[in-house]
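# Coordinate analysis (summary)
Residue strings, one per chain:
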Amino acid sequence: MRRYLIAGNWKMNYTPSEARQYSRILKAMGLQDFSSEILLCPSYVSIQALVDSLRGTPVKLGGQNLHQESKGAFTGEISGEMLKDSGCEYVLVGHSERRQYFHETDELVYKKILRAHESGLVPIMCIGETLEEREKGEMHDVITRQLQRVKNLDQEIVSHLVIAYEPIWAIGTGKTASAEQAQEVHQFIRNILDKHVGAAISSTLRILYGGSVKTTNAKALLSEKDIDGLLIGGASLKAEDFYTIIQIADQLL
Ligand code: PGA
């Protein structure tokens, strides 16, 4: 049984004070032990605020990116070791905004997965096609290419990997993939993983869906067989909505 992972990606939002305020709202609603794993990925400067304000709750923390080297002269960058030491357990790797605005390639994403693992972090590898690629019928090729290097990863790394399928046309646009569309791709991803790492491991890996997830579509998405959690941008910024989605997931398990 794969445990749901419900993750919030705050992107470049929320200062440390706003992060503390968010935690207060979340805690007031009740942060008991949920059946799902709960994760928040704040900006780097707000990690400490969440570590302090969410101490003793089941909410885990993750970084939104990391550098592929462990340290050195890379002004403005952050290492996996820094994230780990700050209290993070997870890190997003290759988010489409990183690929689009910061030119991250599949090769770089692969290096970052290795680095994340060496730093003791669980990488959440983000993949997904653009609208143009989908309309041209290239979606399966794009996903296949993005997952190509997974077969080079050691079993130890692969067995902890989380994949997030985020169709780029659905991110921040209000256009969600329907649950059926998402399931179709998730199953395709699972089949590729079967080939790359073997069915025994692939069946345990979590594949999250992301892209305009809201309180209104979370249930349908999570009800699909190969959707094992959600990566939520906009809707995770409202503590009430994030909490509602956590509850929806809990009722399904
Ligand atoms: P969204 O973002 O939920 O605002 O579409 C998802 C993401 O980019 O991770």
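Structural notes, computed from the coordinates. For clarity, every value in this text was computed on a predicted model and none was experimentally measured.

### Observations concerning the pairing of strand 7 (residues 206–210)
Among the five residues of strand 7, five are classified as buried, and the element is accordingly described as predominantly covered. Residues R206, L208 and G210 point to one face of strand 7 and I207 and Y209 to the other, with burial holding for every one of them. Note: strand 6 (residues 162–165) against strand 7, four bridges, orientation parallel. If you follow Y165 over to strand 7, its bridge partner there is Y209. Bridging between strand 7 and strand 8 (residues 229–232) involves two bridges; their strand directions are parallel. By the bridge assignment, Y209 is partnered in strand 8 with L230.

### Digging into the sheet that holds strand 3 (residues 59–63)
Pairing is parallel around the closed barrel formed by eight strands, whose spatial order is 1-2-3-4-5-6-7-8. Ignoring strand direction, the axes of neighbouring strands in this sheet form an average angle of 25°.

### Structural notes on the environment of D52
As for its placement among the helices and strands, D52 is situated in helix 2 (residues 44–53). As for D52 and R20, which are separated by 32 residues in sequence, their C-alpha atoms are 8.5 Å apart.

### Side note on the packing of helix 1 (residues 16–29) against helix 2
Axis separation between helix 1 and helix 2 bottoms out at 8 Å; the angle between their running directions is 30°. Classified by the angle between their axes, helix 1 and helix 2 sit roughly parallel to one another. Between helix 1 and helix 2 the crossing geometry is right-handed. Residues P16, A19, R20, S23 and K27 of helix 1 form the contact with helix 2, whose participating residues are V45, S46, A49, L50 and S53. Tallied by class, residues from the contact of helix 1 with helix 2 come to five nonpolar, three polar and two charged.

About the thresholds
Residues numbered from 1 in each chain as written. Predicted model: local features only at pLDDT ≥ 70, side-chain atom pairs only at ≥ 80, totals over all residues. Heavy atoms only, no water. Buried < 20%, exposed > 50% of the residue type's maximum accessible area, 1.4 Å probe, protein only. Helix = DSSP H or I, 4+ residues; strand = E, 2+ residues; numbered from the N terminus. Pairing = 2+ DSSP bridges. Axes fitted to C-alpha atoms, helices over the stretch in contact; angles between N-to-C directions. Parallel < 35°, antiparallel > 145°, perpendicular 65-115°, else oblique. Left-handed = near helix turned anticlockwise from the far one by under 90°. Contact = heavy atoms within 4.5 Å. Nonpolar A, V, L, I, M, F, W, Y, C, P; charged D, E, K, R; others polar.

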